[in-house]
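# A structural walkthrough
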Amino acid sequence: VVELCGEHDLVTSARLGEIFDTLVPSHDLVVADLSETDFIDSTVLLALVQADRHARERGSKFRLQLGTEPIVRKALEITNLLDRLDHYPTREQVLAL
Amino acid sequence: VLVATSAQNCQILRSALGPRADLVRFVDVQEVGGNPARLIPIWADFAAESDAGSPCRGVEEPVWPGRSAPELHACHRHEALVNLALADHSSLQLLCPYDRTSLPEDILERVWATHPFVTEAGTRAQSSGYLSTDAALVSYQEPLTPPDDAFTVAVSAGPAAIRRFVASVASRLGLGRERVGDTILAVHELVANALTHGTGDGAVRIWTTPDAVLVQIDDGGWIEDPLAGLKRPTSNARDGRGLWLVNHLCDLAEIRSSPNGTTARLLQKLEA
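Residues numbered from 1 in each chain as written. Chains lettered and ligands numbered in written order. Predicted model: local features only at pLDDT ≥ 70, side-chain atom pairs only at ≥ 80, totals over all residues. Heavy atoms only, no water.

### Observations regarding the side chain of aspartate 41 of chain A
Here aspartate 41 of chain A is to be found in the loop between β4 (37-40) and α2 (42-57). Arginine 163 of chain B provides the closest opposite charge to the buried, salt-bridge-free aspartate 41 of chain A, at an N-O distance of 5.9 Å. Once residues lying within four places of it in the same chain are set aside, the contact partners of aspartate 41 of chain A are His8, Asp9 and Leu10 of chain A together with Leu185, His188 and Glu189 of chain B. (Helix = DSSP H or I, 4+ residues; strand = E, 2+ residues; numbered from the N terminus. Buried < 20%, exposed > 50% of the residue type's maximum accessible area, 1.4 Å probe, protein only. Lys, Arg positive; Asp, Glu negative; His and termini not counted. Salt bridge = Lys/Arg side-chain N within 4 Å of Asp/Glu carboxyl O. Contact = heavy atoms within 4.5 Å.)

Structure follows, in C-alpha coordinates:
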(Lines give C-alpha, C1' and ligand atoms only; values in the text may rest on other atoms or scores of the structure.)
Protein backbone atom coordinates (compact mmCIF):
# COMPACT_ATOMS: atom_id res chain seq x y z
CA VAL A 1 0.00 0.00 0.00
CA VAL A 2 1.34 3.39 -1.05
CA GLU A 3 -0.20 6.19 0.99
CA LEU A 4 -0.31 9.57 -0.73
CA CYS A 5 -0.69 12.08 2.08
CA GLY A 6 -1.29 15.77 1.44
CA GLU A 7 -0.64 17.28 -2.00
CA HIS A 8 0.93 15.51 -4.97
CA ASP A 9 1.87 17.13 -8.25
CA LEU A 10 4.60 17.24 -10.88
CA VAL A 11 7.19 17.67 -8.13
CA THR A 12 6.43 14.28 -6.54
CA SER A 13 4.90 12.28 -9.43
CA ALA A 14 8.24 11.08 -10.85
CA ARG A 15 9.17 9.58 -7.47
CA LEU A 16 5.69 8.08 -7.22
CA GLY A 17 6.13 6.50 -10.66
CA GLU A 18 9.43 4.95 -9.52
CA ILE A 19 7.77 3.50 -6.42
CA PHE A 20 5.00 1.91 -8.54
CA ASP A 21 7.62 0.64 -11.03
CA THR A 22 9.38 -1.11 -8.15
CA LEU A 23 6.28 -2.52 -6.45
CA VAL A 24 4.05 -3.58 -9.36
CA PRO A 25 6.40 -6.23 -10.86
CA SER A 26 6.86 -7.99 -7.52
CA HIS A 27 3.37 -7.89 -5.94
CA ASP A 28 -0.01 -9.45 -6.74
CA LEU A 29 -1.79 -6.34 -5.44
CA VAL A 30 -0.59 -2.76 -5.19
CA VAL A 31 -2.87 -0.13 -3.60
CA ALA A 32 -2.55 3.63 -4.00
CA ASP A 33 -4.28 5.03 -0.92
CA LEU A 34 -5.71 8.46 -1.79
CA SER A 35 -7.93 8.69 1.28
CA GLU A 36 -5.66 11.29 2.94
CA THR A 37 -4.82 13.07 -0.33
CA ASP A 38 -5.71 16.76 -0.66
CA PHE A 39 -4.59 17.35 -4.25
CA ILE A 40 -3.45 15.45 -7.34
CA ASP A 41 -2.65 16.82 -10.79
CA SER A 42 -2.49 15.34 -14.29
CA THR A 43 1.04 14.00 -13.79
CA VAL A 44 -0.15 11.96 -10.80
CA LEU A 45 -3.10 10.70 -12.87
CA LEU A 46 -0.56 9.56 -15.48
CA ALA A 47 1.49 7.71 -12.82
CA LEU A 48 -1.71 5.91 -11.70
CA VAL A 49 -2.67 5.02 -15.30
CA GLN A 50 0.80 3.63 -15.99
CA ALA A 51 0.87 1.58 -12.79
CA ASP A 52 -2.55 0.16 -13.68
CA ARG A 53 -1.39 -0.71 -17.21
CA HIS A 54 1.75 -2.47 -15.94
CA ALA A 55 -0.33 -4.45 -13.44
CA ARG A 56 -2.81 -5.49 -16.15
CA GLU A 57 0.03 -6.54 -18.46
CA ARG A 58 1.46 -8.90 -15.87
CA GLY A 59 -1.93 -10.11 -14.63
CA SER A 60 -1.74 -8.53 -11.17
CA LYS A 61 -3.97 -5.94 -9.51
CA PHE A 62 -3.66 -2.20 -9.02
CA ARG A 63 -6.35 -0.52 -6.91
CA LEU A 64 -7.19 2.86 -5.43
CA GLN A 65 -8.52 3.59 -1.98
CA LEU A 66 -10.50 6.83 -2.22
CA GLY A 67 -11.46 9.35 0.43
CA THR A 68 -13.86 12.24 0.37
CA GLU A 69 -11.79 15.17 -0.94
CA PRO A 70 -13.99 16.39 -3.85
CA ILE A 71 -11.20 17.64 -6.13
CA VAL A 72 -9.30 14.33 -5.99
CA ARG A 73 -12.40 12.34 -6.97
CA LYS A 74 -13.32 14.94 -9.58
CA ALA A 75 -9.88 14.82 -11.24
CA LEU A 76 -10.28 11.03 -11.61
CA GLU A 77 -13.88 11.31 -12.76
CA ILE A 78 -13.34 14.00 -15.42
CA THR A 79 -10.51 12.00 -16.99
CA ASN A 80 -12.65 8.80 -17.03
CA LEU A 81 -10.31 7.09 -14.57
CA LEU A 82 -13.03 6.28 -12.04
CA ASP A 83 -14.36 3.89 -14.70
CA ARG A 84 -10.95 2.62 -15.70
CA LEU A 85 -9.33 2.02 -12.28
CA ASP A 86 -10.63 -0.30 -9.54
CA HIS A 87 -11.44 1.80 -6.49
CA TYR A 88 -12.81 1.14 -3.01
CA PRO A 89 -13.81 3.33 -0.06
CA THR A 90 -12.11 1.41 2.80
CA ARG A 91 -8.82 -0.36 3.50
CA GLU A 92 -10.67 -3.57 4.29
CA GLN A 93 -12.45 -3.59 0.92
CA VAL A 94 -9.41 -2.58 -1.11
CA LEU A 95 -7.40 -5.46 0.37
CA ALA A 96 -10.18 -8.06 -0.01
CA LEU A 97 -9.59 -10.75 -2.64
CA VAL B 1 -29.34 12.14 -35.47
CA LEU B 2 -28.18 14.01 -32.38
CA VAL B 3 -29.83 17.28 -31.39
CA ALA B 4 -28.14 19.62 -28.88
CA THR B 5 -30.43 22.51 -28.09
CA SER B 6 -32.34 23.99 -25.17
CA ALA B 7 -34.65 21.72 -23.17
CA GLN B 8 -37.57 23.77 -24.47
CA ASN B 9 -36.57 23.33 -28.12
CA CYS B 10 -35.90 19.63 -27.55
CA GLN B 11 -39.48 19.33 -26.32
CA ILE B 12 -40.88 21.19 -29.33
CA LEU B 13 -38.94 18.92 -31.70
CA ARG B 14 -40.06 15.80 -29.84
CA SER B 15 -43.72 16.74 -30.20
CA ALA B 16 -43.29 17.66 -33.87
CA LEU B 17 -41.52 14.36 -34.63
CA GLY B 18 -44.07 12.22 -32.82
CA PRO B 19 -43.06 8.53 -32.76
CA ARG B 20 -39.99 9.26 -34.91
CA ALA B 21 -38.50 11.19 -31.96
CA ASP B 22 -37.26 7.81 -30.69
CA LEU B 23 -34.76 7.77 -33.58
CA VAL B 24 -33.20 11.03 -32.39
CA ARG B 25 -30.86 11.56 -29.44
CA PHE B 26 -31.55 14.79 -27.53
CA VAL B 27 -29.04 16.71 -25.40
CA ASP B 28 -29.87 19.79 -23.32
CA VAL B 29 -27.19 22.15 -24.63
CA GLN B 30 -27.69 24.59 -21.78
CA GLU B 31 -26.85 21.85 -19.31
CA VAL B 32 -23.77 20.35 -21.00
CA GLY B 33 -22.56 23.29 -23.09
CA GLY B 34 -22.39 26.21 -20.68
CA ASN B 35 -18.70 26.00 -21.50
CA PRO B 36 -19.01 25.28 -25.25
CA ALA B 37 -15.60 23.52 -25.17
CA ARG B 38 -17.49 20.54 -23.72
CA LEU B 39 -19.58 20.17 -26.88
CA ILE B 40 -16.75 19.12 -29.22
CA PRO B 41 -16.15 15.74 -27.50
CA ILE B 42 -19.90 15.03 -27.69
CA TRP B 43 -19.78 15.45 -31.48
CA ALA B 44 -16.48 13.59 -31.80
CA ASP B 45 -17.91 10.61 -29.86
CA PHE B 46 -21.11 10.69 -31.92
CA ALA B 47 -19.24 10.85 -35.23
CA ALA B 48 -16.83 8.09 -34.17
CA GLU B 49 -19.76 5.77 -33.40
CA SER B 50 -21.16 6.35 -36.87
CA ASP B 51 -17.92 6.50 -38.87
CA ALA B 52 -18.01 2.81 -39.72
CA GLY B 53 -21.65 2.86 -40.72
CA SER B 54 -24.19 5.28 -42.06
CA PRO B 55 -23.95 9.06 -42.31
CA CYS B 56 -24.96 11.03 -39.24
CA ARG B 57 -26.54 14.43 -38.74
CA GLY B 58 -26.37 16.87 -35.87
CA VAL B 59 -28.21 19.99 -34.79
CA GLU B 60 -26.35 22.29 -32.42
CA GLU B 61 -27.62 25.55 -30.94
CA PRO B 62 -24.82 26.75 -28.65
CA VAL B 63 -25.90 30.41 -28.80
CA TRP B 64 -29.06 31.28 -26.96
CA PRO B 65 -30.55 34.61 -25.85
CA GLY B 66 -29.14 35.63 -22.48
CA ARG B 67 -25.61 34.30 -23.06
CA SER B 68 -23.09 36.74 -21.52
CA ALA B 69 -20.47 38.52 -23.64
CA PRO B 70 -17.62 36.19 -22.58
CA GLU B 71 -19.83 33.17 -23.31
CA LEU B 72 -20.69 34.48 -26.77
CA HIS B 73 -17.00 35.01 -27.41
CA ALA B 74 -16.34 31.41 -26.35
CA CYS B 75 -19.16 30.22 -28.65
CA HIS B 76 -17.62 31.97 -31.64
CA ARG B 77 -14.27 30.30 -30.93
CA HIS B 78 -16.06 26.99 -30.43
CA GLU B 79 -17.77 27.25 -33.81
CA ALA B 80 -14.42 27.91 -35.50
CA LEU B 81 -12.80 24.97 -33.67
CA VAL B 82 -15.65 22.56 -34.46
CA ASN B 83 -14.76 22.80 -38.17
CA LEU B 84 -11.19 21.75 -37.39
CA ALA B 85 -12.06 19.16 -34.73
CA LEU B 86 -14.58 17.33 -36.90
CA ALA B 87 -12.73 17.69 -40.22
CA ASP B 88 -11.83 13.97 -40.19
CA HIS B 89 -15.43 12.88 -39.65
CA SER B 90 -16.84 13.33 -43.14
CA SER B 91 -19.91 11.27 -42.22
CA LEU B 92 -21.14 14.04 -39.88
CA GLN B 93 -23.01 17.12 -41.01
CA LEU B 94 -23.95 19.78 -38.48
CA LEU B 95 -26.78 22.29 -38.68
CA CYS B 96 -26.56 25.27 -36.30
CA PRO B 97 -29.84 27.18 -35.92
CA TYR B 98 -29.81 30.83 -34.81
CA ASP B 99 -32.85 32.60 -33.45
CA ARG B 100 -32.99 35.77 -35.58
CA THR B 101 -35.90 37.15 -33.61
CA SER B 102 -33.99 37.39 -30.34
CA LEU B 103 -30.24 37.53 -31.09
CA PRO B 104 -28.48 40.84 -31.78
CA GLU B 105 -27.30 41.54 -35.34
CA ASP B 106 -23.56 41.63 -34.50
CA ILE B 107 -23.72 38.04 -33.26
CA LEU B 108 -25.49 36.89 -36.42
CA GLU B 109 -22.75 38.63 -38.46
CA ARG B 110 -20.13 36.31 -36.96
CA VAL B 111 -21.99 33.22 -38.09
CA TRP B 112 -20.74 33.74 -41.66
CA ALA B 113 -17.09 33.38 -40.61
CA THR B 114 -17.50 29.93 -39.07
CA HIS B 115 -20.16 28.23 -41.22
CA PRO B 116 -19.31 27.24 -44.81
CA PHE B 117 -23.00 27.24 -45.83
CA VAL B 118 -25.73 29.50 -44.49
CA THR B 119 -29.48 29.15 -45.03
CA GLU B 120 -31.50 32.35 -44.73
CA ALA B 121 -35.24 32.51 -45.25
CA GLY B 122 -35.13 29.05 -46.81
CA THR B 123 -32.33 29.79 -49.29
CA ARG B 124 -29.05 27.92 -48.84
CA ALA B 125 -25.87 29.60 -50.10
CA GLN B 126 -22.14 29.28 -49.70
CA SER B 127 -20.98 31.73 -47.00
CA SER B 128 -19.14 34.68 -48.53
CA GLY B 129 -17.38 35.45 -45.23
CA TYR B 130 -16.19 31.93 -44.34
CA LEU B 131 -12.71 31.89 -42.79
CA SER B 132 -10.18 29.17 -41.99
CA THR B 133 -10.19 28.13 -38.34
CA ASP B 134 -6.99 30.09 -37.63
CA ALA B 135 -8.33 33.22 -39.29
CA ALA B 136 -11.72 32.92 -37.60
CA LEU B 137 -10.05 32.57 -34.19
CA VAL B 138 -8.17 35.85 -34.60
CA SER B 139 -10.97 37.69 -36.43
CA TYR B 140 -12.78 38.57 -33.23
CA GLN B 141 -10.41 38.99 -30.33
CA GLU B 142 -10.48 41.80 -27.86
CA PRO B 143 -7.10 42.04 -26.14
CA LEU B 144 -7.13 40.11 -22.86
CA THR B 145 -5.91 42.81 -20.46
CA PRO B 146 -6.43 42.13 -16.77
CA PRO B 147 -7.34 45.12 -14.59
CA ASP B 148 -4.45 46.94 -12.88
CA ASP B 149 -5.71 46.05 -9.42
CA ALA B 150 -5.82 42.28 -10.07
CA PHE B 151 -4.19 40.07 -7.41
CA THR B 152 -0.92 38.91 -8.99
CA VAL B 153 1.70 36.23 -8.41
CA ALA B 154 4.66 35.24 -10.61
CA VAL B 155 4.60 31.78 -12.24
CA SER B 156 8.14 31.37 -10.91
CA ALA B 157 6.72 31.28 -7.34
CA GLY B 158 6.08 27.60 -8.12
CA PRO B 159 3.02 25.34 -8.14
CA ALA B 160 2.53 24.90 -4.38
CA ALA B 161 2.75 28.64 -3.59
CA ILE B 162 0.41 29.44 -6.49
CA ARG B 163 -2.15 26.91 -5.21
CA ARG B 164 -2.07 28.67 -1.78
CA PHE B 165 -2.46 32.04 -3.54
CA VAL B 166 -5.43 30.88 -5.64
CA ALA B 167 -7.08 29.24 -2.63
CA SER B 168 -6.91 32.37 -0.52
CA VAL B 169 -7.84 34.93 -3.20
CA ALA B 170 -10.61 32.90 -4.88
CA SER B 171 -12.39 32.22 -1.61
CA ARG B 172 -12.03 35.85 -0.54
CA LEU B 173 -13.59 36.90 -3.87
CA GLY B 174 -16.64 34.77 -3.12
CA LEU B 175 -16.23 31.30 -4.68
CA GLY B 176 -17.54 28.39 -2.61
CA ARG B 177 -15.24 25.64 -1.32
CA GLU B 178 -15.79 23.19 -4.18
CA ARG B 179 -15.42 25.86 -6.88
CA VAL B 180 -12.20 27.04 -5.20
CA GLY B 181 -10.91 23.45 -5.48
CA ASP B 182 -11.84 23.36 -9.19
CA THR B 183 -10.07 26.67 -9.77
CA ILE B 184 -6.91 25.59 -7.93
CA LEU B 185 -6.54 22.48 -10.11
CA ALA B 186 -7.31 24.35 -13.36
CA VAL B 187 -4.80 27.11 -12.62
CA HIS B 188 -2.25 24.55 -11.44
CA GLU B 189 -2.44 22.66 -14.76
CA LEU B 190 -1.78 25.85 -16.73
CA VAL B 191 1.06 26.85 -14.41
CA ALA B 192 2.54 23.34 -14.69
CA ASN B 193 2.37 23.66 -18.49
CA ALA B 194 4.11 27.02 -18.31
CA LEU B 195 6.87 25.63 -16.08
CA THR B 196 7.32 22.39 -18.07
CA HIS B 197 6.88 23.52 -21.68
CA GLY B 198 6.87 27.32 -21.50
CA THR B 199 9.27 30.00 -20.39
CA GLY B 200 8.08 30.02 -16.78
CA ASP B 201 8.45 33.79 -16.51
CA GLY B 202 4.78 34.73 -16.66
CA ALA B 203 2.20 35.67 -14.06
CA VAL B 204 -1.12 34.56 -12.61
CA ARG B 205 -3.72 37.28 -12.03
CA ILE B 206 -7.09 37.03 -10.30
CA TRP B 207 -9.90 39.55 -10.17
CA THR B 208 -13.65 39.68 -9.94
CA THR B 209 -16.57 41.10 -11.91
CA PRO B 210 -20.10 41.45 -10.53
CA ASP B 211 -20.96 37.88 -11.58
CA ALA B 212 -17.69 35.96 -11.90
CA VAL B 213 -14.14 35.35 -10.69
CA LEU B 214 -11.54 35.50 -13.47
CA VAL B 215 -8.02 34.10 -13.52
CA GLN B 216 -5.50 34.83 -16.25
CA ILE B 217 -2.25 32.95 -16.73
CA ASP B 218 0.27 34.51 -19.13
CA ASP B 219 3.41 32.73 -20.22
CA GLY B 220 5.95 32.77 -23.06
CA GLY B 221 5.26 29.15 -24.12
CA TRP B 222 3.33 27.98 -27.18
CA ILE B 223 0.59 25.32 -27.12
CA GLU B 224 0.74 24.40 -30.81
CA ASP B 225 -2.42 22.30 -31.06
CA PRO B 226 -5.52 24.55 -31.03
CA LEU B 227 -7.58 21.47 -30.13
CA ALA B 228 -5.56 20.71 -26.97
CA GLY B 229 -8.00 20.07 -24.14
CA LEU B 230 -10.93 19.50 -26.49
CA LYS B 231 -10.24 15.84 -27.25
CA ARG B 232 -11.19 13.19 -24.70
CA PRO B 233 -7.94 11.68 -23.37
CA THR B 234 -7.72 7.95 -24.13
CA SER B 235 -6.99 5.70 -21.16
CA ASN B 236 -3.38 5.02 -22.18
CA ALA B 237 -2.52 8.55 -23.36
CA ARG B 238 0.59 10.20 -21.89
CA ASP B 239 -0.64 13.77 -22.41
CA GLY B 240 -3.87 15.62 -22.89
CA ARG B 241 -5.34 15.38 -19.39
CA GLY B 242 -4.22 18.80 -18.12
CA LEU B 243 -6.13 21.08 -20.50
CA TRP B 244 -9.03 18.61 -20.60
CA LEU B 245 -9.33 19.06 -16.82
CA VAL B 246 -9.22 22.85 -17.27
CA ASN B 247 -12.21 22.80 -19.65
CA HIS B 248 -14.24 20.55 -17.38
CA LEU B 249 -13.46 22.46 -14.17
CA CYS B 250 -14.15 25.98 -15.45
CA ASP B 251 -17.33 27.68 -16.64
CA LEU B 252 -15.27 29.15 -19.48
CA ALA B 253 -11.64 28.75 -20.51
CA GLU B 254 -10.14 30.75 -23.33
CA ILE B 255 -6.65 29.66 -24.34
CA ARG B 256 -4.91 31.83 -26.92
CA SER B 257 -1.53 30.58 -27.97
CA SER B 258 1.00 31.64 -30.58
CA PRO B 259 4.80 31.52 -30.94
CA ASN B 260 4.79 34.79 -28.97
CA GLY B 261 3.25 33.21 -25.89
CA THR B 262 0.12 31.80 -24.30
CA THR B 263 -2.69 33.58 -22.50
CA ALA B 264 -5.28 31.50 -20.69
CA ARG B 265 -8.27 33.20 -19.14
CA LEU B 266 -10.53 31.16 -16.86
CA LEU B 267 -13.96 32.23 -15.68
CA GLN B 268 -15.92 30.83 -12.71
CA LYS B 269 -19.43 32.17 -12.22
CA LEU B 270 -20.35 33.44 -8.78
CA GLU B 271 -23.55 31.98 -7.32
CA ALA B 272 -26.34 34.55 -7.62
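On we go.
### Some details on empty space enclosed by the protein
All names here are of chain B. Per the counting criterion, the structure on display carries two cavities of 30 Å³ or more. Considering only enclosed or pocket space, the largest cavity measures out at about 60 Å³ in volume. Around the largest cavity, the lining residues are Val63, Leu72, Cys75, His76, Glu79, Tyr98, Ile107, Arg110, Val111 and Thr114. Elements that contribute at least two residues to the lining of the largest cavity include exactly α4 (69-85) and α5 (105-114). Grouping the amino acids of the lining of the largest cavity by side-chain chemistry returns six nonpolar, two polar and two charged. Within this model, the second largest cavity holds a volume of roughly 30 Å³. Its residues assigned to classes, the lining of the second largest cavity shows three nonpolar, two polar and two charged. (1 Å grid on protein atoms, 1.4 Å probe; cavity = no way out; pocket = protein on both sides within 12 Å on 5 of 7 lines; lining within 4 Å. Points joined across faces, edges and corners; volume = space filled by probe spheres on them. Nonpolar A, V, L, I, M, F, W, Y, C, P; charged D, E, K, R; others polar.)

### Things to note about the environment of isoleucine 107 of chain B
Residue and element names in this part refer to chain B. Along the chain, isoleucine 107 falls in helix α5. What makes isoleucine 107 buried here is its relative accessible area of 8%. In this structure the C-alpha to C-alpha distance between isoleucine 107 and proline 259, which are 152 residues apart in sequence, comes to 29 Å.

### A look at the packing of helix α3 (residues 70-78) of chain A against helix α9 (residues 241-249) of chain B
When two helices pack together, their arrangement is given by the angle between the helix axes and by the axis-to-axis distance. The interhelical angle for the contact between α3 of chain A and α9 of chain B, taken along N-to-C directions, is 110°, at an axis separation of 10 Å. Relative to α9 of chain B, the element α3 of chain A is oriented roughly perpendicular. Judged by the sense of rotation from one axis to the other, the crossing of α3 of chain A with α9 of chain B is right-handed. Residues Ile71, Lys74, Ala75 and Ile78 of chain A of α3 of chain A lie in contact with α9 of chain B, whose contacting residues are Trp244, Leu245, His248 and Leu249 of chain B. When its residues are assigned to classes, the contact of α3 of chain A with α9 of chain B shows six nonpolar, one polar and one charged. (Axes fitted to C-alpha atoms, helices over the stretch in contact; angles between N-to-C directions. Parallel < 35°, antiparallel > 145°, perpendicular 65-115°, else oblique. Left-handed = near helix turned anticlockwise from the far one by under 90°.)

### Description of the sheet that holds strand β2 (residues 25-28) of chain B
All names here are of chain B. In spatial order, the strands read β2-β1-β3-β4; together these four strands make up an open sheet with parallel pairing. The open sheet has two edge strands with one neighbour each: β2 and β4 (92-95). The sheet shows a mean angle of 15° between the axes of neighbouring strands, taken without regard to direction. Pairing analysis gives four bridges linking strand β3 (residues 56-60) to β4, with the strands arranged parallel. Looking at the pairing, glycine 58 lines up with leucine 94 of β4. In the packing of helix α1 (residues 7-17) onto the sheet, contacts are made with β1 (2-5) and β2, and the angle to β2 comes to roughly 160°. (Pairing = 2+ DSSP bridges.)

### Considerations on the interface of chain A and chain B
Listed as interface residues are 22 residues of chain A and, on the opposing side, 24 residues of chain B. Between chain A and chain B, a total of about 2,000 Å² is buried, with carbon and sulfur atoms accounting for 56% of that surface. Broken down residue by residue, the surface that chain A buries against chain B is led by Phe39, Leu46 and Ile78 of chain A, which jointly contribute 24%. Linking chain A to chain B there are six salt bridges. Across the pair aspartate 182 of chain B and lysine 74 of chain A runs a salt bridge, and its minimum N-O distance is 2.8 Å. Inspection of the chain A/chain B interface yields 10 residue pairs in polar contact (both at pLDDT 80 or more). Among the elements of the structure, β4, α2, α3 and α4 (81-84) of chain A are those that each provide at least two residues to the side of chain A that touches chain B. (Buried area = accessible area lost by both parts, 1.4 Å probe. Polar contact = N/O pair within 3.5 Å; in protein donor to acceptor, adjacent residues only side chain to side chain.)

In short, shape yes, function no, at least from these values alone.
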